[in-house]
Amino acid sequence: MVTGVLFLVTELAAIAGMLLYRPALDGAAYVAGPGVDGHVAAGALCEVVLVLAVIGTGVALYPVLRRHQEAVALGYVCGRLLEAAVITVGIVGMLAVVTLRRDAGAEAATAARALVAVHDWTFLLGPNVVLGANSLALAFLMHRSRLVPRPIALLGLVGGALILASAVAVLFGVYPQVSTAGSLAALPVFAWEVTLAVRLLVKGFTPARPDGRLGEPTTATAPTTATAPSLTGAPSLTG
């Protein structure tokens, strides 16, 4: 339940932060105008909540995931930490734009453009590249361990791969990050996180197996046959 709530918080906080930041994304015009510093500050606060929730999902899932493949589980936690760190750099950049607006000038407008560019690149690297890799790692573990139904895990694999491919396309200038193609590529990973969150809130993980591990067994276990102990010195039953 904690993991499900945290995944929903990441989605809501990310959307709210993006909407509140929108006026400041045109750096030069923002620092030269009256500005809406309160909106940008609120957007920064939303993204701080996002950062904490991103870290929280990794921490909350680790005790469960490590039972199935500890190396990948640890990699997922480290990936979530990296994603949070990159997002934090973008937050600092947007708050710096607010500071420049208060000291508006020709140099301030140029610096604001640079800071907005920093935010845009962190938005590409964090919530796209690193998020895609994290989604692939988590979906792989979910698929391998059967902690959730296979269609949900497959949605994560598709979503992670698509957002990664889209990020590479944006990096090489195939299309802008904020575009129809970019939005369509992000939809599957958004659906994956929301679907996973709802599943965890409503039904949780797949019940424990007889060996005490969560999830359905991936391979059939051959039944064992009990062998009666031999009785030394017992008379033979054969002629």
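In short, a report on the structure. (Residues numbered from 1 in each chain as written. Predicted model: local features only at pLDDT ≥ 70, side-chain atom pairs only at ≥ 80, totals over all residues. Heavy atoms only, no water.)

Turning our attention to the pattern of salt bridges. Counted under the stated rule, the structure contains two salt bridges. Where arginine 66 meets glutamate 70, a salt bridge forms, and the shortest distance between an N and an O atom there is 3.5 Å. Assessed through its relative accessible area of 40%, arginine 66 is described here as partly exposed. In this structure, the salt-bridge partner of glutamate 83 is arginine 80, at a minimum N-O distance of 2.9 Å. Taken together, the residues glutamate 83 and arginine 80, both in helix α4 (residues 70-102) and three residues apart, mark about one turn of the helix. Each member of the pair glutamate 83 and arginine 80 is classed as buried. (Salt bridge = Lys/Arg side-chain N within 4 Å of Asp/Glu carboxyl O. Buried < 20%, exposed > 50% of the residue type's maximum accessible area, 1.4 Å probe, protein only. Helix = DSSP H or I, 4+ residues; strand = E, 2+ residues; numbered from the N terminus.)

On to the nonpolar core. Taken as a class, soluble globular proteins show a tendency for nonpolar side chains to be buried jointly. Counting residues in each nonpolar core, the largest one holds 22 residues, and the members touching the most others are Leu65, Leu138, Met142, Trp192 and Leu196. Contributions of two or more residues to this core are made by α3 (37-65), α4, α5 (106-145), α6 (150-171) and α7 (180-202). Counting residues per element, this core draws most heavily on α5, at six residues. In contact with leucine 138, not counting residues within four places along its chain, are Phe7, Leu61, Leu65, Tyr76, Trp192 and Leu196. Membership of the second largest hydrophobic core comes to 21 residues, among which are Ala13, Tyr21, Tyr30 and Val97. (Core = buried A, V, L, I, M, F, W, Y, C linked by side-chain atoms within 4.5 Å. Contact = heavy atoms within 4.5 Å.)

In this section: helix α1 (residues 2-21). Across its 20 residues, α1 extends 28 Å between first and last C-alpha, which sits within 8% of the 28 Å expected from 1.5 Å per residue. Listed as buried for α1 are Thr3, Gly4, Leu6, Phe7, Thr10, Glu11, Ala13, Gly17 and Tyr21. (Expected span 1.5 Å × (residues − 1).)

Contact geometry of α3 with α4 gives a least axis separation of 9 Å together with a crossing angle of 170 degrees. Taken as axis vectors, α3 and α4 run roughly antiparallel relative to one another. Taken together, the residues of the contact of α3 with α4 sort by class into 21 nonpolar, three polar and seven charged. (Axes fitted to C-alpha atoms, helices over the stretch in contact; angles between N-to-C directions. Parallel < 35°, antiparallel > 145°, perpendicular 65-115°, else oblique. Nonpolar A, V, L, I, M, F, W, Y, C, P; charged D, E, K, R; others polar.)

All right, on to unusual backbone geometry then. Look at arginine 146: it is not a glycine, yet its phi comes out positive at around 60 degrees. Mapping arginine 146 onto the fold places it in the loop between α5 and α6.

Attention now moves to the side chain of histidine 119. With respect to the helices, strands and loops of the structure, histidine 119 is situated in helix α5. Setting aside anything within four residues of it in sequence, one finds histidine 119 in contact with Tyr21, Leu25, Gly90 and Met94.

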